[in-house]
Structures are given as C-alpha cells and as structure tokens.
Amino acid sequence: MREALIRFRYRWWPDHWVGEILSKRWTETAIPVIVLIIVGFWLSRAIPNFLSVSSLADTARQAGEIGFIGLGEALVVIVGGIDLSVGSMFALTDFCALYTLDVLGWPVPLVALATLVCGALLGAVNGVLIGYLRLRAFITTLITLIIYRSAFDILIQDHSNQIAAAFPDFPSWNFLGGGDLLGVPSVALFYILVAVFGHILMTRLRPGWHIMAIGGSRRSAYNSGIPVRRTIALCYVACGALTGVAGLFFAARLGTVGGDIGVGLEVIVLTATVLGGITLGGGKGSVTKSLVGTLIVLLITNGLTTLNARGGVNRMALAGILLVAAMVDIRWQKNRTRIISKVYVSPTYNNLPAPPPTEVGAGGPFEQNDKLSDVEVIGLGRIEAPEDVILDRHDNLYAGSRHGDIMRFLAPDYQTMEVFAHIGGQPLGMAFDRNDNLYVCIGGMGLYAIAPDGKVTKATDETNRSWTSVNDDSRLRLADDLDITDDGRIFFSEATVRYEMDEWPVEGIEARGNGRIVCYDTNTGKTHTALRGLKFPNGICVASDRKSILFAETFGCSIKRYWFDGPKQGKVETVMDNLPGYPDNINLASDGNYWLALVGIRSPALDLAWKMPGFRLRMVKRVPLDEWLFPNLNSGCVVKFNEKGEILESLWDMKGVNHPMITSMREHRGYLYLGGISNNRIGRHKLPGADPNFIQYDRRWGKQA
Amino acid sequence: MMKCGLAALGLLAASSAPALAQKGLDEPFQAPFREALAGKVVAYVPVSMNFDLTEGWWAGLKKELEPYGVKFELRDPNWNTNAGAQAVTSLISEKPAVMVIHNPDVQTYAKLLQRAENEGIYVIQINMGSAYRSSAFVGANWIEIGEKQTEAVVKACEGKSEKIAVVQGALSAAASAYTLKGVENVLAKHPEIKVVASQAADWDAAKAKAITQTVLKQNPDLCGIVGFWDGMDIGTAAAVKEAGLTGKVFVATSGGGERKGACDQVKNGGFDLDMSYDVPTQAAQMAGTIKWLLSSGVKAGSVKGSEYTSLVPITKDNADIATTCWNLGDLKK
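Residues numbered from 1 in each chain as written. Chains lettered and ligands numbered in written order. Predicted model: local features only at pLDDT ≥ 70, side-chain atom pairs only at ≥ 80, totals over all residues. Heavy atoms only, no water.

Novice: Please explain helix H3 (residues 52-65) of chain B as it appears in this structure.
Specialist: Owing to its 3.6 residues per turn, the α-helix aligns residues three or four sequence positions apart on the same side. All names here are of chain B. Between its first and last C-alpha, H3 extends 20 Å over 14 residues, near the 20 Å set by a 1.5 Å rise per residue. The element H3 is extensively covered by neighbouring structure, given that eleven of its 14 residues are classed as buried. When we look at burial in H3, the residues that qualify are Asp 52, Leu 53, Thr 54, Glu 55, Gly 56, Trp 57, Trp 58, Ala 59, Gly 60, Leu 61 and Leu 65. (Helix = DSSP H or I, 4+ residues; strand = E, 2+ residues; numbered from the N terminus. Expected span 1.5 Å × (residues − 1). Buried < 20%, exposed > 50% of the residue type's maximum accessible area, 1.4 Å probe, protein only.)

Novice: I would appreciate a short explanation of the interface of chain A and chain B in the present structure.
Specialist: Put simply, an interface is often sized by how much accessible area is lost when its parts join up. Opposite the 36 residues of chain A that make contact, chain B presents 37 residues. Buried area between chain A and chain B, both sides added, is near 2800 Å², and the carbon and sulfur share of it is 45%. At the junction of chain A with chain B, the criterion picks out zero salt bridges. The element best represented in the side of chain A that touches chain B is helix H7 (residues 137-165) of chain A, accounting for seven residues. Class assignment for the residues of the side of chain A that touches chain B results in 14 nonpolar, 17 polar and five charged. (Contact = heavy atoms within 4.5 Å. Buried area = accessible area lost by both parts, 1.4 Å probe. Salt bridge = Lys/Arg side-chain N within 4 Å of Asp/Glu carboxyl O. Nonpolar A, V, L, I, M, F, W, Y, C, P; charged D, E, K, R; others polar.)

Novice: Looking at this structure, I do not really get the state of the cysteines. What am I missing?
Specialist: Covalent bonding between the sulfur atoms of two cysteines is what defines a disulfide. Counted under the stated rule, the structure contains two disulfides over all chains. Between the sulfur atoms of Cys 157 of chain B and its disulfide mate Cys 223 of chain B the distance is 1.8 Å. Torsion about the S-S bond of the Cys 157 of chain B and Cys 223 of chain B cystine: about 95°, corresponding to right-handed handedness. In this pair, Cys 157 of chain B is assigned in helix H6 (residues 142-157) and Cys 223 of chain B in the loop between helix H8 (205-218) and strand S8 (224-227), connecting sequence segments 66 residues apart. Judged on exposure class, the residue Cys 157 of chain B and its partner Cys 223 of chain B are both buried. What pairs with Cys 263 of chain B in a disulfide is Cys 325 of chain B, and their sulfur atoms sit 1.8 Å apart. Judged by the sign of its S-S torsion, about 95°, the bond between Cys 263 of chain B and Cys 325 of chain B is right-handed. Here Cys 325 of chain B lies in the loop between strand S12 (312-314) and helix H12 (328-332) and Cys 263 of chain B lies in helix H10 (residues 263-267), a separation of 62 residues in the sequence. What links to what in chain B: the bonded cysteines, counted in sequence order, pair as 1-2, 3-4. This cysteine, Cys 239 of chain A, is not joined by any disulfide, and Cys 235 of chain A carries the nearest cysteine sulfur, 9.1 Å off. (Disulfide = S-S within 2.5 Å.)

Novice: Would you take a moment to explain a positive patch on the surface for this structure?
Specialist: A surface patch of positive charge is lined by Arg 331, Lys 334, Arg 338, Lys 342 and Lys 621 of chain A. Looking at the element boundaries, Arg 331 of chain A is found in helix H15 (residues 311-344). (Patch = residues over 30% accessible without salt bridge, like charges linked within 9 Å, V, L, I, M, F, W, Y side chains within 5 Å. Areas by Shrake-Rupley, 256 points an atom, 1.4 Å probe, with all protein chains shown as cover. Lys, Arg positive; Asp, Glu negative; His and termini not counted. Charge placed at Lys NZ, Arg CZ, Asp CG, Glu CD.)

Novice: Looking at this model, I keep getting lost on the nonpolar core. Mind explaining?
Specialist: One recurring pattern in soluble globular proteins is that nonpolar side chains are buried together. One finds Leu 65, Val 98, Val 100, Trp 203 and Ile 290 of chain B to be the most contacted residues of the largest nonpolar core, which totals 90 residues. Considering every element that reaches this core, the biggest residue donor is helix H11 (residues 279-296) of chain B, with seven residues. Setting aside chain neighbours within four positions, we find Val 100 of chain B in contact with Val 42, Ala 43, Tyr 44, Val 45, Leu 61, Ile 124, Ile 126, Met 286 and Ile 290 of chain B. Ranked by size, the runner-up nonpolar core spans 87 residues in total, among them Tyr 148, Val 228 and Leu 270 of chain A together with Ala 43 of chain B. (Core = buried A, V, L, I, M, F, W, Y, C linked by side-chain atoms within 4.5 Å.)

Here it is in structure tokens:
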C-alpha cells in the first residue's frame, strides 16, 4: 500500500520540473518580476484608481520616456560599461527639440530627426572616448555628465525664456506628447516597437550576441574576431540616440527647459537597470529586465509622490529599495546555480525484482566465468574512452576518443593508429550505412556522418520540441547508439534530455524515464522523436525482421523491441527484463543472435535505494557528489541473447586486468572487439567456433553471405 | 360680530406674536455653500514643501477651509519638475475639485493645467504662474517687484560705483523671468548702471552664495545686488557679510515676509530691502477664491481672473513692527 502510494506520487508528481524551471535563463528575472508584482499590488491597494485606464496610460507614458533611456543604459551596461551622462544628454536633447521647434521653427519631422542625431552625436563622444580611446567608462561619462550639463546651463541662460514664451500647438507634436492609439500612449507604442526589436537584436541577431560576448569577456570577444571597439562605441551611440528619443517625447509632453531637467536621472535609470537584474559588469541582461526595472522604479516614485510622501522620503525609499534589490540580486545570482544543483536531481521510484544469480556455482545463464581474462589489448594508453568500436570491410578498427576524434587502427596488427576524422564532442555508438558512410552518435552534439574519405557532415542535431517538456528538448544532448534501417532511416537513442554528456551517471540516481529514441530519415533529412520516457535507452540494433529495433534501457535493466514498420508498427514489447546488470550496446552476432554488453552489475544497495526516492533525494542534497551511491559501472560482462529473450552465453572476466569495463562489443571475423567508455584500450577476444568471415555491416547490407 | 371676530383674530395674533418674533430668518445661501464645500478635495502641488512660502500657504488654506469639511491632498515634488508634472498628471485622473498649483516654470504644467480645467477641475495658480491662464492667479506681480527692487538699488548706488549684480532664480520660472523683466525696465531708464553679473542660482542659497562671492571678488566696489528670493538670498547676504561689505552693498530681495526669513534678516542688516508678498494674506485670498468658485458652481475655465498681492516693502523702518512679518510656527497652530 505504502509502496503503491510512493509509486503513484513519483509517477505523477513532476519533481523534476522545479530544477528545470530554475535552470531557465528567464528565472534570472524572477526576483525583479516578483518585486514588481508586490509593488504593483501594494500600490493598487494603497491608491484608488491606480489601475484605472487613465492612470495606467499616464504611467505608461512616463515609463516609455524613462524606458527608452533604460534601454540605452541596459545596452551600455551589458557591453560592460556604464553611462552616467544620460541625464545631461536627456536635458540637451530636450533643449535641442524645443530650440529647433520653438526658436528655429523647424517642422516636427525635422525636429524629431535633429533630436535623434543630437542624441547620437552626444553618445558618440562617449563612444569614441570609451570604445576607441579605451578610457574608463565611469570617469568618462562622469565628465561628459558635467560638460553636457554645463552646456545645457549656458544654452538655457540665453534661450529659456524664448522657449518658455512659445506655446507650440501642432497636431503631430501634440500626438508625440499626449496622443494615444486605442488608449495606448504614443510613446508606449513606440517603446514596444523598439523593445521588440531590441529583444530580437539581443537574442537572435549577430550584433546582439557580439554585445553579450564583449560584456561577458572583452578579451575573449576580441580573440574571437569580434570588432570590440566599434561595437562598444556603437552601444554608446545607441544609448545617446535612445536618450534622444526620450528627450523628444519629454519635450513634446511638457515643453520645458527648466534647469533641473534630467538632474539625477542617471541614478533613477541605473537603479532601474540594476533592479531589473542587469548586472553591472556586463554580459548579462535583457530587454525584459530593463522594462521590469523601469516599471518598478517608476511605480515606486510615482506611488510615493501620490501617497503624499515628502520629497526626501521618496528618494530615501528608492535608495533603500536599490540597496535591498542589489543585495538580493547578488545573492540570487551567486547562489542560483547552487540552488539549481541542489534541486535539479530529482530521484524517482524504480522497483526491480531481485536479479537472477550470477555467482559461480549458482547456475543459470549468467553464471560468472573467466572467458574474457585472456583478452588481447589494442592501443593501450593511446586511446581514451572508446565507447564503441567498429570494423570495416578491410578489417580496420574504428573507435571514438574523448578528444572528439574517430581513431582508426590499421589492419592487420592494429599497431598503427591515426585520426580518421575530428568531430569534437564525445563519439559514442557507430554504424556503417550501405555506402560505407560511418554514422556516429556524438554526445553533446548529435548525429554525424563520416564519408569513407574522412569528410564529416552533420546529419542532425535537433528534433521536434515536445510541448510538455520544461527543458528545451529539441536539442540533442546525449545521442548514444544507433542503427540504420533498410529504407535509410536511422534510429538512435538519446539517453537523457536532462543531463549533459559528462553527468550521465547521475541518471542512474534519478532512474526516471528521461531518455528517448529519435529517428533521422536520411531520405528527407527530417528528424522526429519516435519514443520517449525511456530509462536511459542505450544500445540499438535492427532486428531480424527488418521492421523493428531492439533497444536496451540501461537503468530499466531491460531489452525492448520497437516496431517501426509492419503490422505491429508503433508497438513496444519487452524482450528481457530484470537483467542482473545495466545493459549497454547491442550488436549482431555471426550466428544471427545478438551480443549485449552489461556495463555494470546491479548491487542490492542501489536496488534498494531505487525503491526509496526520498532517501536518494536526501543523499544528493546532503552528501557531496563523490560520495553518492552511484550504480556500479566498473565490471560487467558480455552476453549473447536471441529475440525470444533467452540468454545463450555469457562472457565474464573475474579480475578485469586486461579489459575492465565493457560498454560495447563487435564481432568481426571470429573475434569479439570490446570497447569501454572509461578505458584507455580496446580489447580483442577470440571466439571459438565463430564464423571467420563474418563482417557485421556487410552481412547487414547483403554484401556477403 | 364682524368686529368681534376681528378682535378675536387680533387677540390671536397678539398672543402668538412673541413666539414668531423668536424665530430667525433662514439664510437661503449658507446651506448650499456648506454643501458645495463639504467633502470637496483641494489638491496642492508646490514646487517643494519645507520652506516658508509653501508651508505658509498650506497652513493658511487648511485653516480656512478644513472647518467646512474640505479635504486636502498634498503632492511634494521636492524641487523636481518632472516629479511635479507626474503629480499633476496623476491628480487630473483623480479629479479633485480644485488644484492649487505652484509652477516651477512657466511652461511645464501649462498644457496639463489646460487639460485639468477641461476636465472640470478649478485651477488656482499661486505666485508663480504658467503660460496658461486658469480660473485664478493669486500672487505677486513680479514685474512690479523687479522694478521696485531695482529702483531701490539704483537709488542706493547714486554717487557710488554704479555696478550692480543680479542673482536670478531658476531661469524659466515666473518669479525669475518676470522679475528680470522688471529689472530690465528700470535699467533701461538708467543707462549709467552697469550690470556686472546676472546669473541663475536656481533658488539655491549655496549657489547664490558662491555666485556672490565670485562677483564680490572681481568687483569689491559693487554697490548693489538685486536678488530674486529671500530664501535664496540668505546666501547672497552671507557672502556680502563674509566680504565685510554689509551696509556698503545694498541687497534687495523679495519673499513671503516670514519673520525669520525676512524681518530678522533686515534687522540684522543682511537685506536692505525685502519686498514681501505676505503669505497669510495670499493664503486667505486663495481660500476666498476657492470658496467663491466652489459655491458659484461656474464651469471650470469659464471665468479667469487675477489677484495680484499688494506688496509690503520691509526695511529697517518697519522690520520691528509686529504686523510686518508673520510667524510660520504661529500660523500652523
């Protein structure tokens, strides 16, 4: 009963979502958004009519103006700088707009253009000084803050009364200042347009990525060939232009050149930027953060003014909130990854019956022996992490290496080793197609094809996004093993959609069905997910009927069969379950049966722990990673089975001196070649009585008997 | 019988007459007046609180209007024009009955005030008006102030260096721009007077002090200073005093006539002339205007009038008289 409850709870309650949601980039914005919601809620209770249409429109109008400056400031902060001169630039562009309109009498479109150009030029001064001459941003903009302010003071001394005397009344000017479209203020509309563009720029376009890269690490960006100086300079120009836009709308709204225009604005804008979660120092930030920060600051200042707070209180509150926000933000940014690592692993219930015996003398098909103890060793110390091995028609031996290479050992003595192809990532399962192209699953990258001449092409690295997954599962994280059907479809397993290549053993602690089988069609180039919810699907081998595949579920300790064609299309049947170990790759044997590698043997401790998800959760939270109860992945065996699910033979190595870990095996001309992902060698075992002419993929493609 | 009846009636009348005589006549206008005021909201947006003028108006208005059940809303932009504009904007959507506005400059609120009156809110502008003329303006005539101050300075300069300085407030504020016009009007008649400096101190005493210090260093023979506000010119006077020129440099300024800010300063020689626009009187005039507007029920913006304050020149001669100045502490009581 209790077990049933536990099973039910872990089956239906999505524990793993917490970690996945927290790992989303947008949760960095979570704290600011929560603050915004609290502030908004508090003000809507404290101020009557706060949520009325006209009040919201007024807020939006102001938010638009400060929002533009906020966007500019965000850009500059993301690229790793700071702009303190925005307040003065705002005043000057405001003056520019009103001077050209009221004194020079220019038409409104020309006024708008002049104001933007004025802003851009003012920003360009900062840009050239900081971007090209590489002065410090803080000092430089502090100085331009003073210079621009002085220029403004001098200008208004002469012209403020001329401007004050004018009462400009043009429809287009009034639309900028007070107009709306369906109740949305003109400035807010324009802001939305710019913000959407800004979002696309920062997330989807090359210049935005360059800006992020420079902010993250200027030196690395420079070394990658990004035009660092120009990009930085342009960010300041953009900041100036955006400030100009704000100045234009402000001029149209209030038409004033009072001496205090823009004084202290840099503090408000910087507060908004930091509150939104855009880190001073660069490399992090988004349009949403800028908007959220602006809204928080604006709501607080406006709210306090409306609530009769005396001026000093207002600033004090803003400063206090900035302080608290900065503190929370720093703690959050700093601890976010730690929190994620604490909650990301979410073990679930995995009940297996007691395994069949393997002890010597216990009998049964899994009884241990020492058949593999005399394994020959190939490439000792020269190859690292050959997860899978494969041989071509000319008896050359191929294996992946941890360095992202496909290595080739030349027949007949396998003493000469060469790099056959360099791909990157971690090469895992391999298979030859009809035309001798070698298809390889690359952990962290996807499915790649290598032509016989060593030319590498990407087959696929993404599949369809499933709607119920929080993690973006369209990218392939851990493509594992594959086989190719007669009509050119490649079925490959992806062990997990929750962990990266280097963390794969953690799946053994979680024991959830996080894996899937993906199908790539070489004829159409399309990829789709065929099966999901599998417990670390691993080895794949096309079955004898050519309409189904056999696949291993490593942490389900079972072999299943999936029909992709024929009358049973779409069906999954269990071939064998409750294996004594964790099954890995499956390959064809010369007698028509299948070889299966058991990468490790089950232990009673983990079997028990698998029934106790709460225990494992406590373990991952309280115990350091290297002390976790991991599945045994060190010693295993090779077994031969048939499609009926009978074990025909098992090959063990009691001491594991020559070849400790087995993740894969491949029969070739009377020998069994062994691979192991944590090994520095390839093993070769003579199979007594095996077909001396057997070449797996020649038989597979009918090129030989 | 008839006579008898009349006599009886007369008797009846006579007997009931004393009762009638005790009943007063119901004044038909006071009840609607009370009704018109009760629960009405008066919103007040000064450029900032915490100085004599704005505190004085606020206290005076409350004293006059609160007994009639008028409610008050205060918005303090704290010298921030943008915050003030926001406050006025949000007030418009809150729709108080009356807005009392103290403009930071002649332009910023102008359109907003127009919008407010279109929405049916009476707008009273106090002391510093805007380019928009609203229902009422209560305040000083800055041109007159500028003229009187300058005339006094010019007179004091007779036979001296004839060099004067002008310490302006915030350039586009009404109290600065219009006063400057008054200064110019007088100077046009006195070409012999040389203005050695005319700078904006933005209503800031520290700035005014700094400006005056520089001017006095360059022109130790300066004979007079026209300052635009006594709250700011405390700095001007301090600079004059530090230079040891008290009594030699004639300092003219203007202000609300608060005891500490005006009379005391004149008495101790800081100012030689302080043109006072007596804040309690202005507050009373505003309150009267509000009463009149609310009880009249006229459409906002349909009548427009001005109430320029009669000025009180404070000099050593009248600074000692108790009624010349007022006391903020007393007004608040």
